[in-house]
Amino acid sequence: MDQKIFEAVDRYISDLFIPPDESLAAAEQSHSLENIPQINVSPNLGKLLYLFARLSKAKKILEVGTLAGYSTIWMAKALPEDGRLVSLEIDPHHAEVARKNIDRAGLSSKVEIRVGKAIDLLPELVDEKAGPFDMIFIDADKPPYTEYFEWSLKLSNSGTLIIADNVIRDGKVLDQNQEDPMVQGAQRFNKALAANRNVSATILQTIGVKEYDGMAIAIVE
Ligand code: SAH
Ligand code: DHB
Ligand code: MG
């Protein structure tokens, strides 16, 4: 078993379950066209986010880390007519490209992208009483994941689904001597998530067309 078969099976699954979609394809292409790193979720994980949003009957979704809006589009597609998604992004160029991609997908009336550091924007959302959100997807810079999680709890109510991407980092989280701050951020977050009595959680290992990683899935009690 190796990466080659994981990729082939991931493609087999996406060929079966993800019909061609112009706006998602255009969003994916925008990464190379606009020189934006291709660190968006894979198509099958985008579909999983969509299914999670449907399962939680989300009307309000918060995303931390927009990039070019690929995951944003998947989640926003799951929203009802009066649904809303707020996505936080530090890089103005990413935000600009994301807005175009979201507009092309016909979702701009439901999606608001806020530009700034997530650690500043999250308390603003609390002050505005923008919560509670039904689903929160944490996918920005990895070192402050624990802080993003704590702010997410303040923007949650009982039943809120909190998802965090990239918490396994190629299995490097097993190594206690890791000096990579992204791995350390995931280790600290995973520990905090497991210790928190206000959530019930697990981690799904993710394999396929992207690097071996994992998504934490938590429900607020
Ligand atoms: N959710 C996206 C991928 C996000 S990649 C998808 O799957 O399609 C991580 C994003 O977080 C990048 O766009 C990066 O610019 C942004 N980011 C990094 N540090 C941040 C910070 N401190 N606050 C907000 N966004 C940040
Ligand atoms: C990175 C960030 C991500 O959100 C991701 O899914 C993969 C990689 C990164 O910053 O390396
Ligand atoms: Mg990610």
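Above this note sits the structure.
Structural notes, computed from the coordinates. Here the structure is a predicted model, which means the values were calculated and not measured.

### What about a nonpolar patch on the surface?
So, point 1. A contiguous nonpolar patch, built from Met1, Ile5, Val9, Tyr12, Ile13, Leu16 and Phe17 and spanning about 770 Å² of accessible area, is present on the exposed surface.
So, point 2. In this structure, Tyr12 sits in helix H1 (residues 3-17).
So, point 3. Taking relative accessible area as the criterion, Tyr12 reaches 54% and is therefore assigned exposed.

### Side note on the pairing of strand E7 (residues 213-220)
So, point 1. Among the eight residues in E7, seven count as buried, and that is most of the element.
So, point 2. In this sheet, E7 lies alongside strand E5 (residues 161-165) in antiparallel orientation, the contact comprising five bridges. Opposite Leu161, over in E7, you have Ile219 as the bridge partner.
So, point 3. Of the pairings in the sheet, the one linking strand E6 (residues 199-206) to E7 comprises eight bridges and is antiparallel in character. Bridging from a neighbouring strand, Thr202 pairs with Ile217 of E7.
So, point 4. Connecting the antiparallel pair E6 and E7 is a turn made up of six residues, with Gly208 showing a positive phi of about 145°.

### Considering the coordination of the magnesium ion (ligand 3)
So, point 1. Around the magnesium ion (ligand 3), the protein supplies Asp139 (OD), Asp165 (OD) and Asn166 (OD1) as donor atoms, at distances of 2.0 to 2.1 Å.
So, point 2. Given a relative accessible area of 14%, Asp139 falls into the buried group.
So, point 3. Exposure remark for Asn166: the relative accessible area of 14% places this residue in the buried category.

### Overview of the layout of surface pockets
If you roll a probe as big as a water molecule over the atoms, it shows you where there is empty space left.
So, point 1. A volume near 770 Å³ is recorded for the largest pocket.
So, point 2. Forming the walls of the largest pocket are 42 residues, and the residues nearest its centre are Ile39, Asp139, Ala140, Lys142 and Asn166.
So, point 3. Every element with two or more residues in the lining of the largest pocket is listed here: helix H4 (70-77), strand E2 (84-89) and helix H6 (118-127).
So, point 4. Of the residues assigned to the lining of the largest pocket, the class counts are 17 nonpolar, 13 polar and twelve charged.
So, point 5. Estimated volume of the second largest pocket: approximately 290 Å³.
So, point 6. Contributing to the lining of the second largest pocket are 16 residues, with Ser14, Ile18, Glu28, Pro43 and Tyr70 lying nearest its centre.
So, point 7. Listing elements by their share of the lining of the second largest pocket, those giving two or more residues are H1, helix H2 (22-33), helix H3 (43-55) and H4.
So, point 8. Here the lining of the second largest pocket gets four residues from one element, more than from any other, and that element is H1.
So, point 9. Among the residues forming the lining of the second largest pocket, the class breakdown is nine nonpolar, two polar and five charged.

The rules we used
Residues numbered from 1 in each chain as written. Chains lettered and ligands numbered in written order. Predicted model: local features only at pLDDT ≥ 70, side-chain atom pairs only at ≥ 80, totals over all residues. Heavy atoms only, no water. Patch = residues over 30% accessible without salt bridge, like charges linked within 9 Å, V, L, I, M, F, W, Y side chains within 5 Å. Areas by Shrake-Rupley, 256 points an atom, 1.4 Å probe, with all protein chains shown as cover. Salt bridge = Lys/Arg side-chain N within 4 Å of Asp/Glu carboxyl O. Helix = DSSP H or I, 4+ residues; strand = E, 2+ residues; numbered from the N terminus. Buried < 20%, exposed > 50% of the residue type's maximum accessible area, 1.4 Å probe, protein only. Pairing = 2+ DSSP bridges. Donors = N, O, S within 2.8 Å, 3.2 Å for Na, K, Ca; no water. 1 Å grid on protein atoms, 1.4 Å probe; cavity = no way out; pocket = protein on both sides within 12 Å on 5 of 7 lines; lining within 4 Å. Points joined across faces, edges and corners; volume = space filled by probe spheres on them. Nonpolar A, V, L, I, M, F, W, Y, C, P; charged D, E, K, R; others polar.

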